[in-house]
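Close look at the chain arrangement
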Amino acid sequence: MKGLYKIVFFVSISVLVSSCHDKLNPNYQYMPNMYESVGYETYSESKAFKNGKEGQLPVEGTVKRGFEVYDYPNSPAGYEAAKASLRSPVDSTSINMDEAKALYEIYCAICHGTKGDGKGKLVTQGKYLGVPSYKDRPITEGSVFHVQQYGINAMGSYANQMSKKERWMVTAYVMKLKSEL
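Residues numbered from 1 in each chain as written. Predicted model: local features only at pLDDT ≥ 70, side-chain atom pairs only at ≥ 80, totals over all residues. Heavy atoms only, no water.

Before going further, it helps to spend a moment on the layout of surface pockets. Looking at the largest pocket, its volume works out to about 700 Å³. Taken together, 28 residues line the largest pocket, and the ones lying closest to its centre are His112, Pro132, Val147, Ile152 and Met155. Mapped onto the lining of the largest pocket, the elements with two or more residues apiece are helix H3 (76-85), helix H5 (109-112), helix H7 (141-150) and helix H8 (164-180). Considering every element that reaches the lining of the largest pocket, the biggest residue donor is H7, with four residues. For the lining of the largest pocket, the class distribution of residues is 20 nonpolar, six polar and two charged. Gly66, Phe67, Glu68, Val69, Tyr70, Gln149, Tyr150, Ala159, Asn160, Met162, Lys164 and Arg167 are the residues that line the second largest pocket. (1 Å grid on protein atoms, 1.4 Å probe; cavity = no way out; pocket = protein on both sides within 12 Å on 5 of 7 lines; lining within 4 Å. Points joined across faces, edges and corners; volume = space filled by probe spheres on them. Helix = DSSP H or I, 4+ residues; strand = E, 2+ residues; numbered from the N terminus. Nonpolar A, V, L, I, M, F, W, Y, C, P; charged D, E, K, R; others polar.)

Printed below as a string of structure tokens:
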């Protein structure tokens with residue numbers, strides 16, 4: 001008798017559960033755009049733009065917000081010009097050398113070493129070879145800043161990681177390290 005009750009109970013539960021579902025009239029969705037969003041292709045045509053095909057270009061002569069103009073091109077000639085004529089606009093007495101040292105240790109010391117001798121952790125582990133010592137290079141404020149702006153050889157640009165003032169602070173610290181070698 002117990003077995004009969006169990007069978008009747010399970011059959012009635014399964015009938016009850018299957019009778020509640022109607023494929024022609026589905027349940028309501030809360031925020032359906034999130035469940036069934038329209039996937040746009042990145043470079044597809046769109047009615048949002050004037051010609052319907054491509055994004056609009058900015059007005060000629062505009063500069064994006066926060067952009068700082070740097071007059072030297074990313075070329076060997078630009079490097080030489082910056083090396084010869086670019087000087088720091090930041091007053092050397094206003095530079096906090098402790099902060100400049102902290103920035104140098106964050107961004108530069110891993111390759112160039114804490115003393116500027118080209119013996120950073122990545123060099124001593126053999127990950128990078130040929131990192132120059134500041135002692136061996138005829139560097140100026142302009143050349144150091146230019147290399148931070150664009151990068152050179154295996155070194156990438158630090159223009160996105162540090163502000164212009166921070167790059168000038170690191171430049172002053174590099175020149176201090178060069179004088180101590």
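Our focus in this paragraph is unusual backbone geometry. Despite not being glycine, Asn153 has its phi angle at roughly 50 degrees, a positive value. With respect to the helices and strands, the residue Asn153 is situated in the loop between H7 and H8.

With that settled, the discussion passes to the nonpolar core. Tyr70, Leu86, Ile95, Tyr104, Tyr134, Val170 and Val174 are the most contacted members of the largest nonpolar core, which has 23 residues in total. The biggest single contributor to this core is H8, with seven residues. Residues in contact with Ile95, not counting those within four places in the same chain, are Val90, Ala100, Trp168, Met169 and Ala172. (Core = buried A, V, L, I, M, F, W, Y, C linked by side-chain atoms within 4.5 Å. Buried < 20%, exposed > 50% of the residue type's maximum accessible area, 1.4 Å probe, protein only. Contact = heavy atoms within 4.5 Å.)

Once that is clear, we can look at the packing of aromatic side chains. Scanning all chains against the criterion turns up eight aromatic pairs. Considering the side-chain rings of Tyr70 and Tyr72, the 5.6 Å spacing of their centres and the 55 degrees angle between planes classify their relative orientation as tilted. Exposure class is identical for Tyr70 and Tyr72. Each is buried. With 5.3 Å between their ring centres and 50 degrees between their planes, Tyr104 and Tyr173 make a pair best called tilted. (Phe/Tyr/Trp six-rings, centres within 6.5 Å; stacked < 30°, edge-to-face > 60°.)

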